[in-house]
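These are the residues of each chain, in order.
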Amino acid sequence: MKRKLLKYELMATSRLYLPLYLVMVVFALLGRLSLWRLPWQLHTSKDALGLGSISFGLSVGEAGLKGQILGTVVTVIMTLYGLVVLGALVVHFIITLQRFWKNLMGDEGYLMFTLPVSTGDILWAKAICAFLWGIATTLMVAAAILLLIWHPLAIGAVREELAKVTPDTWTLIGQMARNILPPVLRVMLVAELLVNGFGDLFLLYASMAMGHTVKRHKVLASLGAYAAIVTVIGMAASLLMGAFLPAFAASVPDLELFSSTPELLLFSRHMGDFLTGTWAIVLVLDLATAAGCFFLARYLLRTQLNLE
């Protein structure tokens, strides 16, 4: 029954997300096609330190009325493209809120809470579905942006700059990267991605469940509950970071602009230790937040929910 519940939730939300993704792809293609024949100009320059920078310029390349019309069309398409791409994340957030509020605390709640599944299973089904669609939406936004900005000039410029890096420099970069991101930190970052993603969802669910316990102004009460919980979490994070970060940071040596290889490697090792300790605190705090909000939302939906 748990799998069926998750399957139903994915099927129900796919009717909302798939059209959104189709609109994103259409506008990304329109934006790409509208810029396909327009002349791009590539400019490279170096700053005082000798570091290269790349910038692009775009011009319509047509004079008179035809150029004005073409420029207007391109501007309108690009504006709509930007609104659709940025709006996709907003729409995902709205769908997440709507599905929980309408499906559990509206008229549909009478049916949902008669299903032979626990309240916790219902919460997990909602959260897993929203988490998966959040990842899919983020990937779609990234793909839409890459589809538009990809250009042979940009690829060629990047390859040219990378070709200037010597093998010894690449070796040093690799060693520093492994020191800064040790295996335990990589595992912690993956765990943080999952814990933080579900924690944010359970925070929203707990806030809406708290707001729904009042008789009037449920939306305002939900916003107030969300602000209160976030404030408490922020204060706890500040206390923990203030207590532990100075000790972690004390072990990181100062680094000059032009340092030797041993100094760079020593700095990267200490920086890896510092980041590991910092993310350990963040992970513990987010794990406690996720668990607390989950149990709070489950308790309120079990005992305090009023569907009248």
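Every chain's residues receive numbers from 1 upward, in the order its sequence appears when written. Totals for whole chains, interfaces and linings use all residues, but because this is a predicted model, local features are given only for residues with pLDDT of at least 70 and pairs of side-chain atoms are given and counted only at 80 or more. Side-chain measures were taken over the full set of non-hydrogen atoms in the model, leaving aside hydrogen atoms and water.

Caption draft 1: Expanded view of the overall build of the protein chain. Only DSSP runs of H or I reaching four residues or more are called helices, and only runs of E reaching two or more are called strands; each is numbered from the N terminus. A count of helices and strands for the protein chain gives nine helices and two strands. Each helix (α) and strand (β) of the protein chain, taken in turn from the N terminus, gives the series α-β-β-α-α-α-α-α-α-α-α. When contacts within the protein chain are restricted to residue pairs at least 6 apart in sequence, those whose partners lie at least 24 apart make up 76%. What sets the accessible areas is the Shrake-Rupley method with a 1.4 Å probe; for residues, cover comes only from the shown protein chains. Per element, the accessible surface of the protein chain, about 18800 Å² overall, is 71% carbon and sulfur. In what follows, residue pairs with any heavy atoms lying within 4.5 Å of each other are defined as contacts.

Caption draft 2: Region of the structure containing the pattern of salt bridges. Here, a salt bridge means any side-chain nitrogen of Lys or Arg that lies within 4 Å of a carboxyl oxygen of Asp or Glu. On inspection of all chains with the given rule, the structure shows two salt bridges. Between Glu 9 and Arg 99 there is a salt bridge, with its nearest N and O atoms 3.1 Å apart. Residue Glu 9 is found in helix α1 (residues 2–36), and its partner Arg 99 is found in helix α2 (residues 64–105); the two are separated by 90 residues along the sequence. Neither Glu 9 nor Arg 99 differs from the other in exposure class; each is buried. The salt bridge partner of Glu 9 is Lys 126, with a shortest N-O separation of 3.0 Å. Taken as a pair, Glu 9 in helix α1 and Lys 126 in helix α4 (residues 119–149) lie far apart in primary sequence, 117 residues in all. Glu 9 gets classed as buried once you look at its relative accessible area, which sits at 3%. Working definition: with a 1.4 Å probe on protein chains only, accessible area under 20% of the residue-type maximum means buried, over 50% means exposed, and in between means partly exposed. Under the relative-accessibility criterion, Lys 126 is labelled buried at 4%.

Caption draft 3: Spatial organisation of the packing of α4 against helix α7 (residues 183–211). Angular values range over 0 to 180 degrees, each being the angle between N-to-C directions of two axes fitted as lines to C-alpha atoms, with helices fitted over their stretch in contact. Contact geometry for α4 and α7: axes closest at 10 Å, N-to-C directions at 120°. With respect to α7, the element α4 is oriented oblique. In this structure, α4 crosses over α7, and the sense of that crossing is right-handed. Residue-level contacts link Leu 123, Trp 124, Lys 126, Ala 127, Ile 128, Ala 130 and Phe 131 of α4 to Leu 193, Leu 194, Gly 197, Phe 198, Leu 201, Phe 202 and Tyr 205 of α7. Here is the rule for angles: anything less than 35 degrees is roughly parallel, anything more than 145 is roughly antiparallel, 65 through 115 is roughly perpendicular, and the remaining ranges are oblique. Each crossing is labelled by how the near helix is turned from the far one, with a counterclockwise turn of less than a right angle marking it left-handed and a clockwise turn marking it right-handed.

Caption draft 4: Fine view of the nonpolar core. We call a set of buried residues a nonpolar core when its members are Ala, Val, Leu, Ile, Met, Phe, Trp, Tyr or Cys and they connect through side-chain atoms within 4.5 Å of each other. Ranked by internal contacts, the top residues of the largest apolar core, which has 27 residues, are Phe 100, Leu 104, Leu 123, Phe 202, Tyr 205 and Leu 301. Contributing elements (two or more residues each) for this core: α2, α4, α7 and α9 (261–303). Broken down by element, this core gets its largest block of residues, nine residues, from α7. The next biggest cluster of nonpolar side chains, apart from the first, holds 16 residues, and it includes Phe 27, Ala 88, Ile 95 and Ala 144.

Caption draft 5: Quick look at unusual backbone geometry. Notably, His 217 is not glycine yet its phi reads approximately 55°, a positive angle. Here His 217 shows up in the loop between α7 and α8 (218–250).

Caption draft 6: Structural context of the packing of α7 against α9. The interhelical angle for the contact between α7 and α9, taken along N-to-C directions, is 30°, at an axis separation of 7 Å. Relative to α9, α7 is oriented roughly parallel. Crossing geometry of α7 relative to α9 is assigned as left-handed. Side-chain classes are defined by residue name, with Ala, Val, Leu, Ile, Met, Phe, Trp, Tyr, Cys and Pro counting as nonpolar, Asp, Glu, Lys and Arg as charged, and the others, Gly among them, as polar. Of the residues contributing to the contact of α7 with α9, the split by class is 25 nonpolar, three polar and two charged.

Caption draft 7: Fine view of the confidence of the model for the protein chain. A residue's pLDDT is the confidence the predictor assigns to it, expressed on a 0 to 100 scale. Averaged over every residue, the pLDDT of the protein chain is 81; residues scoring 70 or more account for 81%. Per-element confidence in the protein chain ranges from a low mean pLDDT of 51 for strand β2 (residues 52–58) to a high of 93 for α7.

Caption draft 8: Broad picture of the packing of aromatic side chains. Pairing of aromatic side chains here covers Phe, Tyr and the six-membered ring of Trp, requires ring centres within 6.5 Å, and sorts the geometry by plane angle: under 30 degrees stacked, over 60 edge-to-face, intermediate tilted. Tallying each qualifying case throughout the model produces twelve aromatic pairs. An angle of 50° between the planes, with centres 6.1 Å apart, marks the rings of Tyr 21 and Trp 133 as tilted. One end of the pair, Tyr 21, is in helix α1; the other, Trp 133, is in helix α4, and 112 residues separate them in sequence. Note on accessibility: Tyr 21 and Trp 133 belong to one class, buried. Between the aromatic rings of Phe 202 and Phe 294, the centroid separation amounts to 5.1 Å while the plane-to-plane angle is 65°, which identifies the pairing as edge-to-face. Of this pair, Phe 202 sits in helix α7 while Phe 294 is found in helix α9, placing the two residues 92 residues apart along the sequence. Phe 294 matches Phe 202 in its accessibility class, with the two residues each being buried. Cluster of aromatic residues (ring-pair linked, three or more members): Phe 100, Trp 124, Phe 131, Phe 198, Phe 202, Tyr 205, Phe 294 and Phe 295.

Caption draft 9: Summary view of the side chain of Asp 121. Within the fold, Asp 121 resides in helix α4. If we ignore the near neighbours within four places in the chain, the residues touching Asp 121 are Lys 2 and Leu 5.

Caption draft 10: Expanded view of the side chain of Thr 289. Mapped onto the fold, Thr 289 is located in helix α9. On the basis of relative accessible area, Thr 289 is assigned to the buried category, the value being 15%. There is a polar contact of 2.8 Å between the side chain of Thr 289 and the backbone oxygen of Leu 285. What qualifies as a polar contact is a pair of N or O atoms within 3.5 Å, subject to a donor-acceptor requirement within protein and to the restriction that residues adjacent in sequence count only when both atoms come from side chains.

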